[in-house]
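Fold and contact review
Given next are the chains, with one letter for each unit.
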Amino acid sequence: MIDLNNLDLATAGDSGFDLQLLHPVDKSELEGMKIRIRGDKSKTVAAFDRKRINELQQKERVLKGKNKELTFTTDELEKMAVEAAAVRVISWQGISEGGMVLDCTPENITHVMTKYSWMRDQVREASEELENFRPD
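Here's a quick rundown of the structure. If you're wondering where the values come from, they're calculated on a predicted model, not measured in any experiment.

What to know about the overall build of the protein chain
Within the protein chain one finds five helices and five strands. N-terminal to C-terminal, the α/β element order of the protein chain is α-β-β-α-α-β-β-β-α-α. Dimensions of the protein chain, computed from the C-alpha atoms along their principal axes, are close to 55 × 55 × 25 Å. Taken over 136 residues, the protein chain has a buried fraction of 29%. Considering only contacts within the protein chain whose residues lie at least 6 apart along the sequence, 61% involve residues at least 24 apart. Carbon together with sulfur atoms contributes 52% to the accessible area of the protein chain, which is approximately 9,200 Å² in total.

As structure tokens, then:
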């Protein structure tokens, strides 16, 4: 018999996965550069997604009452993509910029996910891959 606790993707997603960053062009491993990320099915990411959806629905209702449609600028869409990637970051190692090690702080996570879209893309793709968060 299979115990459902062994299939708890939310808990496994919150415990994280060590993402080995790859070079954005040649896809070679960037030695020592890893980001521990949450999975899409984690409780933290699910709560973030629920909050975002509720906010967008509220904004849409307000605009509908004014006979306007909900639209987004490119900057707004990028900001949402950065926030969605940043919530998935738990910690990192080997991340530096300009010769200085960057501590894994909320400000630095936002900075890195904004400036280096290839990193943001890798975080999102790995977060979506359920195999990365397979419960033991």
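Quick look at the nonpolar core
If you look at the biggest cluster of nonpolar residues, it comprises 21 residues, and the most contacted ones within it are Leu21, Ile35, Trp92, Ile95, Met113 and Met119. Among the secondary structure elements, those contributing two or more residues to this core are β1 (17-22), β2 (29-37), α3 (74-86), β3 (89-93), α4 (106-115) and α5 (117-128). Sort the elements by how many residues they give to this core and β2 lands first, with four residues. Apart from the residues lying within four places of it in its own chain, the contact partners of Met113 are Ile35, Val82, Ala85, Ala86, Val89, Met119, Arg120 and Val123.

Calculation criteria
Counting of residues starts from 1 at the beginning of each chain's written sequence and follows it residue by residue. In keeping with the predicted nature of the model, local features appear solely for residues at pLDDT of at least 70, side-chain atom pairs appear and are counted solely at 80 or more, and the whole-chain, interface and lining totals rest on all residues. Values reported for side chains reflect all heavy atoms of the structure, with hydrogen atoms and water molecules removed beforehand. A helix here means a DSSP run of H or I that spans at least four residues, while a strand means a run of E at least two residues long, and both kinds are numbered starting from the N terminus. Accessible area is worked out with a 1.4 Å probe on protein chains only. A residue is then buried under 20% of its type maximum, exposed over 50%, and partly exposed in between. Residue contacts are defined here by distance: any two heavy atoms, one from each residue, within 4.5 Å place the two residues in contact. Accessible areas in this description were obtained via Shrake-Rupley with a 1.4 Å probe; residue shielding takes into account the shown protein chains only. Each nonpolar core is a collection of buried residues, namely Ala, Val, Leu, Ile, Met, Phe, Trp, Tyr and Cys, held together in the definition by side-chain atoms within 4.5 Å.

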